[in-house]
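# Chain and residue survey
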Amino acid sequence: MKRWKISVLLLALVLCACGEPAAAPPEPSAPEEPVADEPSVRPDDWENQALWYWKDIWDGPTVEHLELKYARSFSVDFAEGGYARIIIDQETYLLCPEGLNPPPDTPEDVTVLRQPLQNIYMQATAAMDSFVQLDALDAVTLSGTRAEGWYIPQAKEAMEAGKMVYAGKYSAPDYELIVSSGCGLALESTMIYHNPEVREQLERLGIPVLVERSSYESHPLGRMEWIKLYGVLTGKLEEAEAFFNGQLENLEPVLAQENTGRTVAFFYITSNGAVSVRKGGDYIARAIDLAGGVYVFHDLAGEENALSTMNMQMEAFYQGARDADVLIYNSAIDADLTTIEQLVAKSAPLAEFKAVQSGDVWCTGKSMFQEALGVGDMILDINAVLTQENPPEEAMNYLHRLT
C-alpha cells in the first residue's frame, strides 16, 4: 500500500515539472559599433587622460603660440592640457605633461619628450647658462664637457661635487652610463650633425635627442631668447620670460641711442698666423651695431656656408682694420691677453694700427661664448667702450682693456 502511494506521488511531481515552460535563454546583445574618429575620453577630462588624436590637439581653436621677438630658429605651440609642440628647423618635438601619453596617431617623425625632464645629457654648452639662470641645473646630471672645460662656475662646481658627471664628448658618448642614469634627454650641439651614427644610437637606446641651434640666430637677442625654449622644457617659462624682458629693459637706453660712427674690429690670430674675423651677418657684428658702433667688415660675406667666421691673411686684415677706432681680441678661442705687447707679439704689423697706438684695444673673457645669456651685457660693454673714455673696470662684464 505504501509503495503504491509513493509511486503515485512521484508520478504527479514528474507531470508538474513537465508542465512548466523552460526559461528562455537570454538573447545575445548586439555588438557595439565603434565610432570612428572619436576620442576615447571626453575633451574636458584632461586631468588623467590625453585626447586620442593628434589633430584634435593641434587643429583646435585653443592652441596658443609662444611669442618670440627675435628668435627665428624655433617655435612653440601650446595645447589645452599642457602639451607643447616644439619645432626646431625641420624637426618636431612633443612635450607631454607628467602622467600623460602622446596621442597614438602622433606622427612617427615626432620626437616625444616627457616632463619632468631629468638626468639630461648636456652636450650643448650654450644651453647651460639658461639652466643656471632658471635654477634648473639639478635636471642636468650628465655632461659632454669635463670640469676643466666649463667656464660657467655653477657647472664646474656641480661636476667637482659629483652632482654632474662626464659622460663622453659628442662623438663618443658613454652609452652605458647615459642609459643606466635614466637620461630623459640628450641636448646636443650642431656638432652632432658630423656624427649622425651617434644620434641614431642614442635614439635606438630610447634617448630622445634635441639639437640646440641658437648659434644659427643672426640677431644677438635671438640667441638670448632661446631661454624661453628651456623655460618650456623645464616648466619655468614665466621665469624665462621675466629674465628676457628684464634684459630688454636694461638695453633700452643703448638701443635708443644714435650710432656713434666709431669703427670696431673683432678678431683673433690663428696658430698659422691668419686672422679669424666675423662675417658681416654674424651676431657679433650685429651686437657691435646695436651697441652704437660700425663693424669694419660689415660687408664681408665670404664663402656660402654655415660658418659665421672666416680667415684672412694679415695683409687683408691690415687694409680693412688698420684705421679702426677700437680693436677687440677674441680670447674665448685663443689665450687670454693682458697687454698690448702680448698682442703685437702675435703679429708685428698690429703695432701700426690706430687703436693700438691710441690704447683702445680690448680683450674678451674666456666665458663669453659659454655664457650665452651674457650677450646683453656684452652689448653694454661695447657701448661703454664706444661712448666713454675710460669705462670703469668694475662695470665691465666681458671686456678688459689691454695695457
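Owing to the predicted nature of the structure, the values given are computational and were not obtained by experimental measurement. Residue numbering note: each chain is counted from 1, following its sequence as written. Local features in a predicted model are, by the rule used here, given only for residues with pLDDT of at least 70; side-chain atom pairs are given and counted only at 80 or more, and totals for whole chains, interfaces and linings are based on all residues. As a rule here, side-chain values come from all non-hydrogen atoms in the structure, and water together with hydrogens is ignored.

## Quick notes on unusual backbone geometry
The omega torsion across Q115 and P116 is -5°, close enough to zero to call that bond cis. Helix and strand definitions here come from DSSP, where helices need a minimum of 4 consecutive H or I residues and strands a minimum of 2 consecutive E residues; each element is numbered from the N-terminal end. With respect to the helices and strands, P116 occurs in the loop between β5 (110–114) and β6 (120–122). Unlike most non-glycine residues, D89 shows phi in positive territory, near 60°. Summarising the element assignment, D89 is placed in the loop between β3 (84–88) and β4 (91–96). Although it is not a glycine, N119 adopts a positive phi angle of roughly 50°. Inspection of the secondary structure assignment puts N119 in the loop between β5 and β6. The rule is simple: take the accessible area with a 1.4 Å probe, protein chains only, and divide by the maximum for that residue type; under 20% is buried, over 50% is exposed, in between is partly exposed. We classify N119 as partly exposed; its relative accessible area is 22%.

## Comments concerning the pairing of strand β7 (residues 140–143)
Strand pairing follows a simple DSSP-based rule, namely that at least 2 bridges must link the two strands. Of the strand pairs in this sheet, β6 and β7 are connected by 3 bridges, and their pairing is parallel. Bridge pairing links M122 to S143 in β7. The definition of a right-handed crossover adopted here requires that, viewed with the strands pointing away, the path from the first strand over the helix to the second runs clockwise. Each parallel crossover has a hand, and for β6 linked through helix α3 (residues 125–133) to β7 it is right-handed. As paired elements, β7 and strand β8 (residues 165–166) share 2 bridges and run parallel to each other. The residue of β8 that forms the bridge with L142 is V165. Assessed by its sense of winding, the connection that carries the chain from β7 through helix α4 (residues 153–160) to β8 is right-handed.

## Notes on the sheet that holds strand β10 (residues 209–211)
Think of a sheet as strands paired side by side through backbone hydrogen bonds, with each pair either parallel or antiparallel. A sheet is described by the order of its strands in space; here 5 strands give the open sequence β8-β7-β6-β9-β10, paired in parallel fashion. With one partner strand each, in any of the chains shown, β8 and β10 form the two edges of the open sheet. Pairs of residues are marked as contacts when any of their non-hydrogen atoms sit within 4.5 Å. The axes are straight lines fitted to the C-alpha atoms, using for helices just the contacting stretch, and the angles between their N-to-C directions are given from 0 to 180°. Where α3 meets the sheet, its contacts fall on β6, β7 and β9 (186–188), and the angle it forms with β6 comes to roughly 130°.

## Digging into the environment of Q247
Summarising the element assignment, Q247 is placed in helix α9 (residues 237–255). For the pair formed by Q247 and G374, sequence separation is 127 residues and the distance between their alpha carbons is 9.5 Å. With residues up to four places along the chain from it excluded, the contact list for Q247 reads M224, L373, G376 and D377.

## A word on the packing of α3 against helix α8 (residues 227–234)
Interhelical geometry of α3 versus α8 gives an angle of 60° and a closest axis separation of 9 Å. Between α3 and α8, the crossing angle belongs to the class labelled oblique. Judged by the twist between their axes, the crossing of α3 over α8 is right-handed. Contacts from A127, S130, F131 and Q133 in α3 reach I227, Y230 and T234 in α8. For classification purposes, an angle smaller than 35 degrees is called roughly parallel, one larger than 145 roughly antiparallel, one from 65 to 115 roughly perpendicular, and anything else oblique. Each crossing gets its hand from how the near helix is turned against the far one by less than a right angle, where anticlockwise is left-handed and clockwise is right-handed.

## Description of the nonpolar core
Here, the term nonpolar core denotes a set of buried Ala, Val, Leu, Ile, Met, Phe, Trp, Tyr and Cys residues that are joined through side-chain atoms within 4.5 Å. M128, F267 and F317 are the most contacted members of the largest nonpolar core, which has 99 residues in total. Listed in part, the 12 residues of the second largest apolar core include Y121, C183, V198 and V211.

## Overview of the side chain of D282
Turning to its location among the elements, D282 is positioned in the loop between β12 (275–278) and α10 (283–290). Looking at D282, the relative accessible area reads 4%, which means it is buried. Engagement of the side chain of D282 in a polar contact is seen with the side chain of R278, the distance being 3.3 Å. Under this definition, polar contacts are N or O atom pairs within 3.5 Å; protein pairs additionally need one hydrogen-donor-capable and one acceptor-capable atom, and for neighbouring residues in sequence, both atoms have to be side-chain atoms. Within the structure, D282 has its side chain in polar contact with the side chain of S308 (distance 3.3 Å). With near-sequence residues (within four places) excluded, D282 lies in contact with S218 and S308.

## As for helix α6 (residues 196–204)
V198, R199 and L202 are the residues of α6 that are buried. The buried residues of α6 all sit within an arc of 100° when viewed along its axis, so they share a single face. Where the residues of α6 are buried, they touch β4, α5 (175–180), β9 and β10. Downstream of α6 by one or two residues, G206 has phi in the positive range, about 85°. Think of the arc as the fan of directions from the helix axis to the C-beta atoms.

## Points about the pattern of salt bridges
Whenever a carboxyl oxygen of Asp or Glu lies within 4 Å of a side-chain nitrogen of Lys or Arg, that contact is scored as a salt bridge. If you walk through the whole model with that rule in mind, you get 10 salt bridges. Between R278 and D282 there is a salt bridge whose closest N-O contact spans 3.3 Å. A network of salt bridges, in which partner residues are shared, links E91, R199 and E203.

## Remarks on the packing of α9 against helix α14 (residues 375–387)
Relative to each other, α9 and α14 sit at 20°, their axes nearing to 10 Å. Comparing the axis directions of α9 and α14 gives the class roughly parallel. Of the two possible hands of crossing, α9 and α14 adopt the one that is left-handed. Contacts from Q247, N250, L251 and V254 in α9 reach G376, D377, I379, L380 and N383 in α14. The nonpolar class holds Ala, Val, Leu, Ile, Met, Phe, Trp, Tyr, Cys and Pro. Asp, Glu, Lys and Arg form the charged class, and all remaining residues, Gly among them, are polar. By residue class, the composition of the contact of α9 with α14 is 4 nonpolar, 4 polar and 1 charged.

Functional significance is not addressed by these values, which are geometric in nature.
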